[in-house]
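Residue strings, one per chain:
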Amino acid sequence: MIQSELRRFDVPFEQISKQREYVALAKTVLESRMCGKSAKAYVHTFGCQGNVSDSERLKGWLSQIGYSFTDDIESADLVLYNTCAVREHAHDRVFGNVGALKPIKEKNPDMIIVLCGCMMQQEHVWQKIRKSYPYVNLVFGTHSHHRLPELLYNVLRGGKRVFDVFETEGFIAEGMPVHRDGTFKGWLPIMYGCNNFCSYCIVPYVRGRERSRKSSDVLAEARELIAAGCKDITLLGQNVNSYNRGSDEMSFAQLLREINAIEGDFRIRFMTSHPKDCTFELLDAMAECEKVSKHLHLPCQSGNDRVLGEMNRGYTREKYLSLVSYARKVMPDISLTSDIIVGFPGETYEEFKDTVSLIEEVGFTSLFTFIYSPREGTKASRMPDPVSREEKGRWFRELTQAQEKIASKRCSNMIGRTYRVLAEEFNGGMLSGRTDGSVMIDFPGDESLVGSFCQVRVTSARNWTLSGELIG
Ligand code: SAH
Ligand code: SF4
Ligand code: F3S
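Residues numbered from 1 in each chain as written. Chains lettered and ligands numbered in written order. Predicted model: local features only at pLDDT ≥ 70, side-chain atom pairs only at ≥ 80, totals over all residues. Heavy atoms only, no water.

Novice: Can you walk me through the site of ligand 1 in this structure?
Specialist: Taken together, 15 residues surround ligand 1, and among them Arg87, Gln238, Gln301, Asp339 and Ser373 come closest. Within the side chain of Arg87, a nitrogen or oxygen atom sits 2.9 Å from an oxygen atom of ligand 1. With respect to ligand 1, the backbone of Tyr200 contributes an N or O atom lying 3.0 Å from a nitrogen atom. Secondary-structure elements contributing two or more residues to the shell around ligand 1 are β13 (335-342) and β14 (366-371). (Near = heavy atom within 4 Å. Polar contact = N/O pair within 3.5 Å; in protein donor to acceptor, adjacent residues only side chain to side chain. Helix = DSSP H or I, 4+ residues; strand = E, 2+ residues; numbered from the N terminus.)

The following block contains the structure:
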């Protein structure tokens, strides 16, 4: 019990109440700035679903302050970029986007530009913004989300630039408003931060230590989502398997069972599972809970034990394969997906081939594959990295071609079978959505079915997407 208290640093309720007072103050200043016009915000999120979920909370505050949301950046009164630092590519895109705002702001000098999220937590980044991007008004890191009303109020009333970035283990702020992007699909964060320090990864540095929300808060939010008509809830955390680790509170497997027991027609997904903490108990819970999708995203990163060791992943190829075989034993139809890094520093071609043989052995439904990207401050960024980018590019293509064959075979095997699909979009007479196993499928149907579960028989397969027809 003591341990769990040590691991959770809750923002006191009074601080959130204080932010509500800032909402009222910011609203008044904004109204006088807008002279009767309505204020519009353009919010763009880079990175993972955790960031998307954070943005829903930031939008919650913005909406209370009086902003509505627009997709037209040119006419926006406020632009907010919630940034990601995980790879160089994400980093470059943010700087490209911020650079492109300069001429827009010249035309609209009252526009407020806000940068937040993981990249802003890095000193070299916010220093560069401070020096070279004077038109950015507000910068805050990943530990300031609950203080957006206060920070924005200071910008709105004073015209001064505000920077609010600091190092901390991190806290949990309950009671923030949420402006959800969708009605029938919902993100539900269950924990924040990461303690794993995989040697290539920046996340533990920019997100602070791992901390779990109270199960009572998670369950209350799950009930709220379901009551509001949500059909697809994704539980979020960098390593959901270690939910409440080190305390005698509810484990992740128990949490799944509790959410599964809530009445209603919905499905439960979760990400990300770390193989080091994935237990047979969790796989049993997945198998037994009828509302839990039979889909496991279990990033392996590499199929070679030496590379896994250098990555500090904490499991071997054998342990990974034992999880896969147990998962398939208790859920024969389970769909497995994974993340892979190609060209980790010092990886040889033979070691890379072990990854190819692993994906062939497992037969993943789909893969997220990345070429290793050095991140300043991480252990791997200081390791010798002799293989050229071109060579890594060739390995990358070899891996994706191997996966294409696997995925297309898996999809062909689905022809003739019927799956439960949540219809998510309607376009040109066609509905599209995902199976429980997260495979995309389109089928003819009526727009009124968007947001409901449909029984769909697969009629054809193209690489890794399917086409089908409604049954019943
Ligand atoms: N917590 C999750 C992953 C979060 S980051 C987990 O451990 O599985 C999402 C993915 O980005 C990782 O799984 C990894 O494959 C990739 N990634 C992270 N850092 C990277 C880097 N420096 N270079 C390339 N890919 C990286
Ligand atoms: Fe990064 Fe590893 Fe944490 Fe995932 S578990 S966020 S890869 S350090
Ligand atoms: Fe990127 Fe931060 Fe997520 S670095 S992947 S947005 S936790």
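Let us keep going from here.
Novice: When you look at unusual backbone geometry in this model, what are you seeing that I'm missing?
Specialist: Trans peptide bonds make up the majority, and among non-glycine residues the majority have a negative phi. The omega torsion of the bond from Met271 to Thr272 falls at 5°, within 30 degrees of zero and hence cis. Checked against the element boundaries, Thr272 lands in the loop between β11 (267-271) and α10 (280-288). Even without being a glycine, Gln301 presents a positive backbone phi close to 70°. Inspection of the secondary structure assignment puts Gln301 in the loop between β12 (295-297) and α11 (305-310). Taking relative accessible area as the criterion, Gln301 reaches 6% and is therefore assigned buried. For Asn312, which is not a glycine, the phi torsion comes out positive at approximately 60°. When you line up the elements, Asn312 lands in the loop between α11 and α12 (317-330). Given a relative accessible area of 41%, Asn312 falls into the partly exposed group. (Buried < 20%, exposed > 50% of the residue type's maximum accessible area, 1.4 Å probe, protein only.)

Novice: Help me understand the sheet that holds β14, please; the structure alone is not making it clear to me.
Specialist: Sheet strands line up and pair through hydrogen bonds in the backbone, either parallel or antiparallel. Taken together, the 3 strands give an open sheet; going across it, the order is β12-β13-β14, and neighbouring strands pair in parallel fashion. With partners counted over all chains shown, the strands left at the sheet margins are β12 and β14, one partner each. Taken over all neighbouring pairs, the strand axes of this sheet differ in orientation by 10° on average, direction set aside. Across 3 bridges, β12 lies against β13 in parallel orientation. Bridge assignment links His297 to a residue of β13, and that residue is Thr337. In this fold helix α14 (residues 389-412) packs onto β13 and β14, with an angle of close to 175° to the strand it touches most, β14. (Pairing = 2+ DSSP bridges. Axes fitted to C-alpha atoms, helices over the stretch in contact; angles between N-to-C directions. Contact = heavy atoms within 4.5 Å.)

Novice: Could you clarify how one ought to interpret the site of ligand 3 in this entry?
Specialist: Ligand 3 sits among Cys48, Asn51, Cys84, Ala85, Val86, Cys118, Arg207 and Gln238. Here the shell around ligand 3 is built from residues that sort into 5 nonpolar, 2 polar and 1 charged. (Nonpolar A, V, L, I, M, F, W, Y, C, P; charged D, E, K, R; others polar.)

Novice: Honestly, the packing of helix α2 (residues 13-34) against helix α6 (residues 148-158) in this entry has me stumped. Any pointers?
Specialist: Helix packing for two helices is described by the angle between their axes and how far apart those axes are. Running from N to C, α2 and α6 cross one another at 30°; their axes reach a closest spacing of 8 Å. The angle between the axes of α2 and α6 places the two elements in the roughly parallel class. Every pair of crossing elements has a handedness; the one defined by α2 and α6 is left-handed. Each of Gln19, Tyr22, Val23, Leu25, Ala26, Val29, Leu30 and Arg33 in α2 lies in contact with α6, whose residues at this interface are Leu148, Pro149, Glu150, Tyr153, Leu156 and Arg157. Of the residues contributing to the contact of α2 with α6, the split by class is 10 nonpolar, 1 polar and 3 charged. (Parallel < 35°, antiparallel > 145°, perpendicular 65-115°, else oblique. Left-handed = near helix turned anticlockwise from the far one by under 90°.)

Novice: Honestly, the pairing of strand β19 (residues 465-470) in this entry has me stumped. Any pointers?
Specialist: Each regular strand shows side chains that alternate between the opposite faces of the sheet. Pairing geometry for strand β17 (residues 440-444) and β19, over 2 bridges, is parallel. Residue pairing across strands places Ile441 opposite Leu466, the latter belonging to β19. Both strand β18 (residues 453-462) and β19 contribute to a ladder of 6 bridges, which runs antiparallel. Counterpart to Ala461 in the pairing with β19 is Leu466. What sits between the antiparallel neighbours β18 and β19 is a turn of 2 residues, in which Asn463 has the positive phi angle 45°.

Novice: I'm lost on the domain arrangement of the protein in this one. Help?
Specialist: How large an interface is tends to be reported as the accessible area lost when its parts come together. The domains assigned to the protein are domain 1 (2-171), domain 2 (178-413) and domain 3 (418-470). Taking only C-alpha atoms into account, the centre of domain 1 sits 37 Å from that of domain 3. (Domains from an automatic or database assignment.)

Novice: Help me understand the packing of aromatic side chains in this model?
Specialist: How two aromatic rings sit relative to each other is set out by the distance from centre to centre and by the angle between their planes. Throughout the structure, instances matching the rule amount to 17 aromatic pairs. Plain terms: the ring middles of Tyr320 and Phe364 are 6.5 Å apart, the flat faces sit at 55° to each other, and that makes the pair tilted. Residue Tyr320 is found in helix α12, and its partner Phe364 is found in the loop between α13 (349-362) and β14; the two are separated by 44 residues along the sequence. Neither residue differs from the other here; Tyr320 and Phe364 are each classed as buried. On the numbers, 5.9 Å between centres and 55° between planes, the contact of Tyr349 with Trp395 is tilted. Of this pair, Tyr349 sits in helix α13 while Trp395 sits in helix α14; the two residues are 46 residues apart in sequence, bridging distant segments of the chain. Members of the aromatic cluster, each reached through a chain of ring pairs, are Tyr42, Phe46 and Tyr81. It is Lys128 that lies over the ring of Phe95; its NZ or CZ is 4.1 Å from the centre. A cation sits over an aromatic face here: Arg130 above Phe163, 5.2 Å from the ring centre. (Phe/Tyr/Trp six-rings, centres within 6.5 Å; stacked < 30°, edge-to-face > 60°. Lys NZ or Arg CZ within 6 Å of the ring centre and 35° of its normal.)

Novice: Can you help me understand the sheet that holds strand β7 (residues 185-189) in this one?
Specialist: Reading across the sheet, the 3 strands line up as β7-β10-β11 and stay open at both edges, with parallel pairing between neighbours. At either end of the open sheet lies a strand with only one pairing partner, and these are β7 and β11. The sheet shows a mean angle of 25° between the axes of neighbouring strands, taken without regard to direction. Two elements, strand β10 (residues 232-236) and β11, share 5 bridges in a ladder whose sense is parallel. Pairing of Asp232 across the sheet is with Arg267, part of β11. Helix-sheet contacts for helix α8 (residues 215-227) involve β7 and β10, and the interaxial angle to β7 is about 170°.

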